[in-house]
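# Report on the structure
Here is what each chain is made of, one letter per residue.
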Amino acid sequence: RLYCVLLECCPEADPRPDAAALQLALDEKLFGQHLATEVILKAVTGFVNNPNPKKPLALSLHGWAGTGKNFVSKIVAENLYKAGLSSRFVHLFVSTLHFPHEHQVQLYKDQLQKWIRGNVSACAKSIFIFDEMDKLHPGLIDAIKPFLDYYEQIDGVSYRKVIFIFLSNAGGDLITKVALDFWRKGREREEIRLKDLEEVLSLGVFNNRNSGLWHSSLIDRNLIDYFVPFLPLEYKHVKMCIRAEMKSRGSPVDDEIVQKVADEMTFFPKDERIYSDKGCKTVQTKLDFC
Ligand SMILES: *[C@@H]1O[C@H](CO)[C@@H](O)[C@H](O)[C@H]1NC(C)=O
């Protein structure tokens, strides 16, 4: 017991996640993403509460920078492990950092397999997050296909309790197009349904050479459980991010400053100027200079 307090232990039969806590965290910290909120909540709680999943959970998160993809992985990690992203059982791979050189793809594939096997042998409830999927060399991700498949076990190791999360800017253009169509028709953003986007997205990234999932067997074999769209953020969502950031810094929310920071952001498309170019990404640094 003391050992587990000092050194984090693999969560064997922990009651986490707490669905209510996950819902609360998503509601309070993620703005303008009704689809992502709905899918993540359903997928993660359903998976973790299933005593006998037939395969690991694989989520592919898509959208422009600053729309909340990294944020959602952080919230999920925090909901499952006390230490959140710093947990020993949460592994983050960043394409440009961990797999930079094209000529070493074979080495990376071997390494990745070894790491995943090694870590999952030590703890079945592990999370692997792949950031910058759109910068991953084509084909590299297929090295992990066996781990995502419906096998009971591979060489004595079961991967069925693992969560894989892929983060990608790829598909951001397709998502924006759908959102813009709704906007131009005067329809509410919240009317966009998952089915308006899921197939567009899976087809789109499958056929996009720079998506990290180009012609990937993960899609081919239906091994990705959910394609989660992150919509481009509007002016009002940017303001919500600024307010939340001020609150988290413990400073009083000053609407004048909120307005000032929001007005410094740039918006597209050129004529309508509806969506923030960088989502909420630069909000923190802009606040520092206020
Ligand atoms: C677990 O994964 C990390 C990368 O996140 C790697 O450095 C480490 O060697 C792996 N552990 C095992 C036992 O394979």
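If you're wondering where the values come from, they're calculated on a predicted model, not measured in any experiment. Each chain carries its own residue numbering, running from 1 in the written order of its sequence. Where totals are concerned, whole chains, interfaces and linings use all residues; where local detail is concerned, this predicted model gives features only for residues with pLDDT of at least 70, and gives and counts side-chain atom pairs only at 80 or more. Only hydrogens and water are set aside when side-chain values are computed; all heavy atoms of the structure are taken into account.

### Observations regarding the sheet that holds strand E4 (residues 163-168)
Pairing is parallel in the open sheet, where 5 strands are placed in the order E2-E3-E4-E1-E5. The strands lining the two open edges of the sheet, one partner per strand, are strand E2 (90-94) and strand E5 (226-229). Between one strand axis and the next, the sheet turns through 15° on average, direction left out of account. Strands pair, by our definition, only if DSSP identifies at least two bridges between them. Under the scheme used here, helices are H or I runs from DSSP no shorter than 4 residues and strands are E runs no shorter than 2 residues, and both carry numbers assigned from the N terminus. Pairing analysis gives 5 bridges linking E2 to strand E3 (residues 127-131), with the strands arranged parallel. Note that in E3 the partner of valine 90 across the bridge is isoleucine 127. Contacting strand E1 (57-62), E2, E3 and E4, helix H4 (residues 69-80) runs over the sheet at an angle of about 160° to E4. For every element, the axis is a line fit to its C-alpha atoms; helices are fit only across the contacting stretch, and the angle between N-to-C directions ranges from 0 to 180 degrees. Here, two residues are considered to be in contact whenever any of their heavy atoms come within 4.5 Å of each other.

### Describing the nonpolar core
Put simply, a nonpolar core is a bunch of buried Ala, Val, Leu, Ile, Met, Phe, Trp, Tyr and Cys residues held in one set by side-chain atoms that sit within 4.5 Å of each other. Using a 1.4 Å probe on the protein chains alone, a residue whose accessible area is under 20% of its type maximum counts as buried, one over 50% counts as exposed, and one in between counts as partly exposed. Membership of the largest hydrophobic core comes to 76 residues, with the highest contact counts inside it found for Ile116, Phe130, Ile144, Phe164 and Phe166. Broken down by element, the residue count for this core peaks at 8 residues, all from helix H3 (residues 34-49). Residues contacting isoleucine 116, with those up to four places away along its chain left out, are Phe128, Phe130, Ile144, Phe147, Tyr159 and Phe164. Core analysis: the next-biggest nonpolar cluster, separate from the first, contains 14 residues, Leu233, Ile242, Ala262 and Val283 among them.

### With respect to the packing of aromatic side chains
For this analysis, a ring pair means two rings from Phe, Tyr or Trp (six-membered ring only for Trp) whose centres lie within 6.5 Å, classed as stacked if their planes differ by under 30 degrees, edge-to-face if by over 60, and tilted for the remaining angles. Per the counting criterion, the structure on display carries 11 aromatic pairs. Measuring from centroid to centroid gives 5.1 Å for phenylalanine 93 and phenylalanine 130, while their planes differ by 35°, and the two rings are tilted. Of this pair, phenylalanine 93 sits in strand E2 while phenylalanine 130 sits in strand E3; the two residues are 37 residues apart in sequence, bridging distant segments of the chain. Accessibility expressed as a relative area gives 6% for phenylalanine 93, which makes it buried. Here a set of aromatic residues connected by ring pairs shows up, and it is made of Phe93, Phe99, Tyr108, Trp115, Phe128, Phe130, Phe164 and Phe166. In this arrangement the basic side chain of arginine 209 is found over the ring face of tryptophan 214, its NZ or CZ atom lying 4.1 Å from the centre. Two limits define a charge over a ring: the Lys NZ or Arg CZ must be within 6 Å of the ring centre, and within 35 degrees of the ring normal.

### A look at the UniProt feature "binding site: ATP" (unreviewed entry) in the protein chain
On the UniProt side, "binding site: ATP" (unreviewed entry) is annotated at positions that read Gly63, Trp64, Ala65, Gly66, Thr67, Gly68, Lys69 and Asn70 here. Checking the named residues against the largest pocket, the ones that line it are Ala65, Gly66, Thr67, Gly68, Lys69 and Asn70. Position of glycine 63 relative to the elements: it lies in the loop between E1 and H4. With near-sequence residues (within four places) excluded, glycine 63 lies in contact with Lys69, Ser168, Asn169, Ala170, Gly172, Ile175 and Phe230. With near-sequence residues (within four places) excluded, glycine 66 lies in contact with Leu233, Lys278, Gly279, Cys280 and Lys281. UniProt positions are given in the numbering used here, feature names are shortened, and annotations may be inferred rather than shown by experiment. As defined here, a cavity is a set of points on a 1 Å grid over the protein atoms alone where a 1.4 Å probe fits but cannot get out. A pocket is an open set with protein on both sides within 12 Å along at least five of seven lines, and residues line them when an atom is within 4 Å of a point.

### Some thoughts on empty space enclosed by the protein
Grid points are joined across faces, edges and corners, and a volume is the space filled by probe spheres set on the points. Per the stated rule, a full pass over the model turns up 2 cavities of 30 Å³ or more. Put simply, the second largest cavity is a space of about 40 Å³. Contributing to the lining of the second largest cavity are Pro56, Pro146, Phe147, Asp149, Tyr151, Gln153, Ile154, Val157, Tyr159 and Arg160. Under the scheme applied, nonpolar residues are Ala, Val, Leu, Ile, Met, Phe, Trp, Tyr, Cys and Pro; charged residues are Asp, Glu, Lys and Arg; polar residues are all the others, including Gly. Residue composition of the lining of the second largest cavity, by class: 7 nonpolar, 1 polar and 2 charged.

### A look at the pattern of salt bridges
The salt bridge definition used is simple: a Lys or Arg side-chain nitrogen within 4 Å of an Asp or Glu carboxyl oxygen. Overall, the coordinates contain 11 salt bridges when judged by the stated rule. Between lysine 145 and aspartate 149 there is a salt bridge, and its shortest N-O distance comes to 3.3 Å. There is no split in this pair, since lysine 145 and aspartate 149 are both buried. Here aspartate 149 makes a salt bridge to arginine 221, at a shortest N to O gap of 3.6 Å.

### What to know about the site of the ligand
Any residue with at least one heavy atom within 4 Å of a molecule or strand is counted as near it. Taken together, His91, Phe93, Lys114, Trp115, Gly118 and Asn119 are the residues near the ligand. Within the side chain of histidine 91, an N or O atom sits 3.3 Å from an oxygen atom of the ligand. Any pair of N or O atoms that falls within 3.5 Å is considered a polar contact. Within protein, one atom must be able to donate a hydrogen and the other to accept it, and sequence-neighbouring residues count only if both atoms are side-chain atoms. Measuring from an oxygen atom of the ligand, one finds a side-chain N or O atom of asparagine 119 at 2.3 Å. For the ligand, the accessible surface in isolation is 360 Å², of which the surrounding protein chains cover 54%. What sets the accessible areas is the Shrake-Rupley method with a 1.4 Å probe; for residues, cover comes only from the shown protein chains.

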